[in-house]
Amino acid sequence: MQKKWVLLGMLCMVIVLSVCAYTKKNHRQTATVSNEKIEEPKKVALTFDDGPSPETTEDLLEGLAERNVKATFFVIGEKAEAYPDLIAKIYEGGHLIGNHSYSHVNLELLSEEEACEQINHTNQVICSITGETPEYLRSPFGSTKANLECDMGMIEVLWDVDPRDWEVQNAPQIIQHVVKNTKEGDIILLHDGYDTSMVAAFAIIDQLQAQGYQFVTVDEMIFE
């Protein structure tokens, strides 16, 4: 009988030790998992100049929505005035709308009064459609006129990656240039109005998303 109790005691000890070992191992594994660094997505911003376009904007918006991507559209005031429904669709899609002057002129070559008219008129057109005044300005050709009082603190946005899509109009070439040269934090420049640019944009998104990139609007990029 005494031998039986001794064996029973030994069995209990083995069970206790096994449970303790399992618990310690499980805790160690949990700690390892919790200590693993969660990799943050690499952010880039996709921007489109010169729209809206009756030929491409709607299809472009549809493709962006399918990919769950928000972009920034720097629109021309006279085109926004001509196609207010497209501006409304850009806005309703959750994209950011910026000012790209009223008639796509080099602001640096204008008088201060003329440059201000280009900016203010475009802001008024966009605000009349969306109810919001743009906060971001991309001067045509990247040619900024400094110290304009009329810009009311608007933020000038340039770019990091420019495949000159408007010039080459070759989707594979555009795709290759952008995918090869884009890095985290970059702003990509494309144009709304060219089928080749739209096709390239979708492929660029697909390829960069596969590489772990997340597309954001320029305000998220600037103020992150």
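Attention here is on the structure that accompanies the text. Quantities reported herein were computed from a predicted structural model and do not represent experimental measurements. (Residues numbered from 1 in each chain as written. Predicted model: local features only at pLDDT ≥ 70, side-chain atom pairs only at ≥ 80, totals over all residues. Heavy atoms only, no water.)

Glancing now at the overall build of the protein chain. Check the secondary structure of the protein chain and you find 9 helices and 7 strands. Among the 224 residues that make up the protein chain, the fraction classed as buried is 40%. For the protein chain, the share of sequence-separated contacts (at least 6 apart) that also reach a separation of at least 24 residues comes to 75%. Put simply, the protein chain shows about 12800 Å² of open surface, and 53% of that area lies on carbon and sulfur atoms. (Helix = DSSP H or I, 4+ residues; strand = E, 2+ residues; numbered from the N terminus. Buried < 20%, exposed > 50% of the residue type's maximum accessible area, 1.4 Å probe, protein only. Contact = heavy atoms within 4.5 Å. Areas by Shrake-Rupley, 256 points an atom, 1.4 Å probe, with all protein chains shown as cover.)

Once that is clear, we can look at the environment of Val168. Secondary-structure assignment places Val168 in helix H6 (residues 165–168). Sequence-wise, Val168 and Thr196 are 28 residues apart; in three dimensions their C-alpha atoms are separated by 9.1 Å. Those residues in contact with Val168 that sit more than four places away from it in its chain are Pro163, Gln173 and Ile174.

Here we come to the packing of aromatic side chains. Counted under the stated rule, the structure contains 1 aromatic pair. Of note, Lys42 hangs over the ring of Tyr213, and the distance from its end group to the ring centre comes to 4.2 Å. (Phe/Tyr/Trp six-rings, centres within 6.5 Å; stacked < 30°, edge-to-face > 60°. Lys NZ or Arg CZ within 6 Å of the ring centre and 35° of its normal.)

A few words on helix H4 (residues 84–92). Every buried residue of H4 is listed here: Leu86, Ile87, Ala88 and Ile90. Once H4 ends, the next one or two residues include Gly94, with phi positive near 85°.

Moving on: the packing of helix H2 (residues 57–66) against H4. The contact between H2 and H4 brings their axes to 10 Å, and the two run at 10°. Between H2 and H4, the interaxial angle falls into the category roughly parallel. Together, Thr57, Glu58 and Leu61 of H2 and Leu86, Lys89 and Ile90 of H4 make up the contact between the two elements. (Axes fitted to C-alpha atoms, helices over the stretch in contact; angles between N-to-C directions. Parallel < 35°, antiparallel > 145°, perpendicular 65-115°, else oblique.)

Right, let's talk about the side chain of Thr130 for a bit. Along the chain, Thr130 turns up in helix H5 (residues 112–130). In this structure Thr130 comes out as buried when scored by relative accessible area, which is 13%. A distance of 3.1 Å separates a polar atom in the side chain of Thr130 from the backbone nitrogen of Glu132. Those residues in contact with Thr130 that lie beyond four places of it in its chain are Ile87, Tyr91 and Ile97. (Polar contact = N/O pair within 3.5 Å; in protein donor to acceptor, adjacent residues only side chain to side chain.)

The omega angle of the peptide bond from Gly51 to Pro52 is 0°, so this bond is cis rather than trans. By the secondary structure assignment, Pro52 is in the loop between strand E1 (42–51) and H2. Of note in the backbone geometry, Asn68 takes a positive phi value of approximately 55° without being a glycine. Within the element layout of this structure, Asn68 appears in the loop between H2 and strand E2 (72–75). Positive phi, normally seen in glycine, also occurs at His104, with a value near 55°.

The next subject is the pattern of salt bridges. Under the counting rule described, the total for this entry stands at 6 salt bridges. Taking the shortest distance from any N to any O, the salt bridge between Glu58 and Lys89 comes out at 2.7 Å. Remark: Lys89 occurs in helix H4 and Glu58 occurs in helix H2; sequence separation between them is 31 residues. The shortest N-O distance in the salt bridge between Arg67 and Asp206 comes to 2.9 Å. Of this pair, Arg67 sits in the loop between H2 and E2 while Asp206 sits in helix H8 (residues 195–210), and the two are 139 residues apart along the sequence. Salt bridges sharing common partners tie together Glu66, Arg67 and Asp206. (Salt bridge = Lys/Arg side-chain N within 4 Å of Asp/Glu carboxyl O.)

For the rest of this paragraph, the subject is the environment of Gln118. With respect to the secondary-structure elements, Gln118 resides in helix H5. A sequence separation of 17 residues divides Gln118 from Ser101, and the C-alpha atoms of the two residues are 5.1 Å apart. In this structure the side chain of Gln118 is engaged in a polar contact, spanning 2.9 Å, whose partner is the backbone nitrogen of Tyr102.

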